[in-house]
Amino acid sequence: MAFTLGNLTASNDRNRELVGIEFNGVPMLVRHLEQVGSRYLRSAGDGASAAGSAELEEVLVKLIRLLANISINPDVGTQVVATSGVQTLIALLSHSMGADREELLLNVVSAITNLSFYVLQQHRGTAADEAKGLDDPEPLSFIFAGHQEICTDLVGVLVHEN
């Protein structure tokens, strides 16, 4: 299903809105990312069967591609950045670099790239917020919280042989 939705949202903004907002897909997709990502990382760490790990990786690639695609829409992207569980992308980025999982790596980088655009938009307050003292620069997303780890891994992506 994620493969088909990924194709439908690749170049159609209306489909991104439908999946992400109107059908309330963001919380479900991020929750699924967190669950499957955790299982995948555990199975890779435990040396579980290659077939089971490969199947989970394939699901993750499709799911992350879908999240990257729907995040191109500003309203959807802002919602994805603010959803708890999306920080799983950081652990998947580190793992995919260390384990040389190229397809997973490319999709994680695409998702983080698309989501990073909305961090500053989400961080800016309105004049009314500033008047109330709500312009606190507290990190609002996984990108702020994990910026050092993300930067380190992304530098590795840039110098990675491919």
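This section reports on the structure supplied with the text. None of these values were measured; they are calculated from a predicted model.

Note on placement: Ser-43 falls in helix 3 (residues 25-46). Here the side chain of Ser-43 touches Tyr-40 through a polar contact of 2.9 Å, landing on its backbone oxygen.

So, on to the pattern of salt bridges. Using the criterion set out here, one finds 4 salt bridges in the structure. With a closest N to O distance of 2.9 Å, Glu-57 and Arg-101 form a salt bridge. Remark: Arg-101 occurs in the loop between helix 6 (88-98) and helix 7 (102-123) and Glu-57 occurs in helix 4 (residues 50-70); sequence separation between them is 44 residues. Looking at Glu-57, the relative accessible area reads 9%, which means it is buried. Since its relative accessible area comes to 34%, Arg-101 is described here as partly exposed. It is possible to trace a salt-bridge network through shared partners that takes in Arg-14, Glu-17 and Glu-22.

With that out of the way, let us pick up unusual backbone geometry. Backbone geometry places Asn-24, a non-glycine residue, at a positive phi of 55 degrees. With respect to the helices, strands and loops of the structure, Asn-24 is situated in the loop between helix 2 (13-22) and helix 3. Positive phi outside glycine occurs at Asp-100, with the angle close to 55 degrees. Mapped onto the secondary structure, Asp-100 falls in the loop between helix 6 and helix 7. Accessibility expressed as a relative area gives 47% for Asp-100, which makes it partly exposed.

With that out of the way, let us pick up the packing of helix 3 against helix 6. Axis separation between helix 3 and helix 6 bottoms out at 10 Å; the angle between their running directions is 30 degrees. Taken together, helix 3 and helix 6 sit at an angle that is classed as roughly parallel. Crossing hand, helix 3 versus helix 6: left-handed. Contacts between helix 3 and helix 6 involve Leu-33, Glu-34, Gly-37, Tyr-40, Leu-41 and Ala-44 from the first element and Thr-88, Leu-89, Ala-91, Leu-92 and His-95 from the second. Class assignment for the residues of the contact of helix 3 with helix 6 results in 7 nonpolar, 3 polar and 1 charged.

Calculation rules
- Residues numbered from 1 in each chain as written.
- Predicted model: local features only at pLDDT ≥ 70, side-chain atom pairs only at ≥ 80, totals over all residues.
- Heavy atoms only, no water.
- Helix = DSSP H or I, 4+ residues; strand = E, 2+ residues; numbered from the N terminus.
- Polar contact = N/O pair within 3.5 Å; in protein donor to acceptor, adjacent residues only side chain to side chain.
- Salt bridge = Lys/Arg side-chain N within 4 Å of Asp/Glu carboxyl O.
- Buried < 20%, exposed > 50% of the residue type's maximum accessible area, 1.4 Å probe, protein only.
- Axes fitted to C-alpha atoms, helices over the stretch in contact; angles between N-to-C directions.
- Parallel < 35°, antiparallel > 145°, perpendicular 65-115°, else oblique.
- Left-handed = near helix turned anticlockwise from the far one by under 90°.
- Contact = heavy atoms within 4.5 Å.
- Nonpolar A, V, L, I, M, F, W, Y, C, P; charged D, E, K, R; others polar.

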